[in-house]
Amino acid sequence: MSKDVQQFESLQEEAPVTVAGRVEPQLEDMYWEDAFHTESYFTPGFDFEDYAPAYCVGYVGFAQYGGSFDDAEKALCSNWMRIKGDSRLSYEQALPAMRAAWMRMAASRTTPVAQPVRGGIARKLSQLRRHVPSVRLPSPAFAR
């Protein structure tokens, strides 16, 4: 296998994704800080710092995955475990807050919003196509 083909195959595993510009965490946090205590899942005794990581998982998760909350729930659980921090909420208690943040983002968008970083893999694929014209390389939508 040629060096260029090996390089291409390794690039397919490196597709970085960004949500920058797709979600405004400060605005979302301001919204949820004002609204969290009026939500039906709110439990007295918990404060915004308990719910904030769950909202973050929901709105960033929507920006990353888009589509159905139920389809992304397993990944969201992993995200919750990673960023939970000092929140006193269990996963089951955090789930409705994650869903609420996800649904708020979904209501304001009609398509998934995460985009592969332009310039990274797209640039490298383009370079490989020029140097190895005989090898059929896939044309991902973001490389066009």
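Criteria and thresholds
- Residues numbered from 1 in each chain as written.
- Predicted model: local features only at pLDDT ≥ 70, side-chain atom pairs only at ≥ 80, totals over all residues.
- Heavy atoms only, no water.
- pLDDT = per-residue confidence, 0-100.
- Helix = DSSP H or I, 4+ residues; strand = E, 2+ residues; numbered from the N terminus.
- Contact = heavy atoms within 4.5 Å.
- Axes fitted to C-alpha atoms, helices over the stretch in contact; angles between N-to-C directions.
- Parallel < 35°, antiparallel > 145°, perpendicular 65-115°, else oblique.
- Left-handed = near helix turned anticlockwise from the far one by under 90°.
- Core = buried A, V, L, I, M, F, W, Y, C linked by side-chain atoms within 4.5 Å.
- Buried < 20%, exposed > 50% of the residue type's maximum accessible area, 1.4 Å probe, protein only.
- Nonpolar A, V, L, I, M, F, W, Y, C, P; charged D, E, K, R; others polar.

Colleague: I'd like to hear about the confidence of the model for the protein, residue by residue, with values.
Modeller: Within the protein, residue pLDDT values average 77, and 61% of them lie at 70 or more. Averaged pLDDT values over the elements of the protein bottom out at 46 in strand S2 (residues 115-116) and peak at 95 in helix H5 (residues 91-108). Contacts for the low-pLDDT stretch residues 111-119, under 50 throughout, to residues beyond four places or in other chains number 22 contacts. This stretch, residues 139-144, has a pLDDT under 50; its non-local contacts, to residues over four places away or in other chains, come to 11 contacts.

Colleague: Can you tell me about the packing of helix H3 (residues 48-65) against H5, naming the residues and giving the values?
Modeller: Interhelical geometry of H3 versus H5 gives an angle of 40° and a closest axis separation of 7 Å. When the interaxial angle is binned, H3 and H5 end up oblique. Handedness of the crossing formed by H3 with H5: right-handed. Counted together, Tyr51, Ala54, Tyr55, Val57, Gly58, Tyr59, Gly61, Phe62 and Tyr65 of H3 and Ala94, Ala97, Met98, Ala101, Trp102, Met105 and Ala106 of H5 form the full contact between these two elements.

Colleague: I'd like a description of the nonpolar core, backed by residues and values.
Modeller: Among the nonpolar cores identified, the biggest contains 29 residues, and Trp32, Tyr41, Tyr51, Tyr55, Leu76, Trp80 and Met98 are the most heavily contacted of them. Residue assignment for this core shows that the elements contributing at least two residues are helix H2 (25-35), H3, helix H4 (69-83) and H5. For Tyr41, the residues in contact, after removing those within four places along its chain, are Trp32, Tyr51, Tyr55, Pro96, Ala97 and Ala100.

Colleague: Explain the packing of H4 against H5 to me, using residue names and the numbers behind them.
Modeller: For the pair H4 and H5, interaxial distance at closest approach is 11 Å and the crossing angle is 125°. Between H4 and H5, the interaxial angle falls into the category oblique. Both H4 and H5 take part in a crossing whose hand is right-handed. Touching Phe69, Asp70, Ala72, Glu73, Leu76, Cys77 and Trp80 of H4 are Tyr91, Ala94, Leu95, Met98, Arg99 and Trp102, all from H5. Taken together, the residues that form the contact of H4 with H5 break down as 10 nonpolar, no polar and three charged.

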